[in-house]
Amino acid sequence: MKSKLQVKDITGLTGVDRETLRFYEKKGLLPKPVRTDSGYRQFAPEVVVRLKFIKLAQDVGFSLREITELLKMGQQKAVTRKDLKLIADSKISSIDQRIASLKEMRKILVDFSSRPLSEYKKSTCSILSELNFTEG
């Protein structure tokens, strides 16, 4: 791999587009790139690894704020497997809560959708009145 990579190299290797690169730079997820005399950004090869980590972390449910914290932790020598396990366990718990919430939302919508059409109010349909959130 070359000593410095251009934006097109980074986008080709990671699938992250130019605007996302700029966004990650602004958010501090990526180090500021070196600029050529003509103003083109050049990145260290390590940026590819970092971007792949960011994408993977997003895919498993971490927010950009959480990813920023993970990257900071990664720079610390004292991070242990136990620390990482606690983070993973916490994310699993959060995902489990979201799954339960999504299942409840699905149940409400299935109940609503499975009602015979004759049960729907004849007047103008308002989703709030039809779902009738005030009833228990």
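Throughout what follows, the structure given in this document is the object of discussion. (Residues numbered from 1 in each chain as written. Predicted model: local features only at pLDDT ≥ 70, side-chain atom pairs only at ≥ 80, totals over all residues. Heavy atoms only, no water.)

A look at the packing of aromatic side chains
Under the defined criterion, the tally for this structure stands at one aromatic pair. Note on F23 and Y24: the rings are 6.2 Å apart at their centroids and 50° apart in plane angle, and the pair reads as tilted. Since its relative accessible area comes to 38%, F23 is described here as partly exposed. Here the guanidinium or amino end of K91 rests over the ring plane of F62, the centre of that ring lying 5.0 Å away. (Phe/Tyr/Trp six-rings, centres within 6.5 Å; stacked < 30°, edge-to-face > 60°. Buried < 20%, exposed > 50% of the residue type's maximum accessible area, 1.4 Å probe, protein only. Lys NZ or Arg CZ within 6 Å of the ring centre and 35° of its normal.)

Here we look at the sheet that holds strand β1 (residues 5-6)
Sheet architecture is open: three strands sit in the order β1-β3-β2, paired in antiparallel fashion. Each end of this open sheet is capped by a strand with a single partner; those strands are β1 and β2 (34-35). In terms of strand pairing, β1 meets strand β3 (residues 41-43) through two bridges, oriented antiparallel. In the sheet register, L5 faces β3, and the bridge partner there is F43. (Pairing = 2+ DSSP bridges. Helix = DSSP H or I, 4+ residues; strand = E, 2+ residues; numbered from the N terminus.)

Considering the nonpolar core
Counting 18 residues, the largest nonpolar core has I10, L21, Y24, L30, L51, I54 and I67 as the members making the most contacts within it. If you list the elements that add at least two residues to this core, you get α1 (7-14), α2 (18-27), α3 (46-59) and α4 (64-74). In terms of residues, this core owes the most to one element, α3, which gives five residues. When neighbours within four sequence positions are excluded, I67 is seen to be in contact with L29, F53, I54, A57, Q58 and F62. (Core = buried A, V, L, I, M, F, W, Y, C linked by side-chain atoms within 4.5 Å. Contact = heavy atoms within 4.5 Å.)

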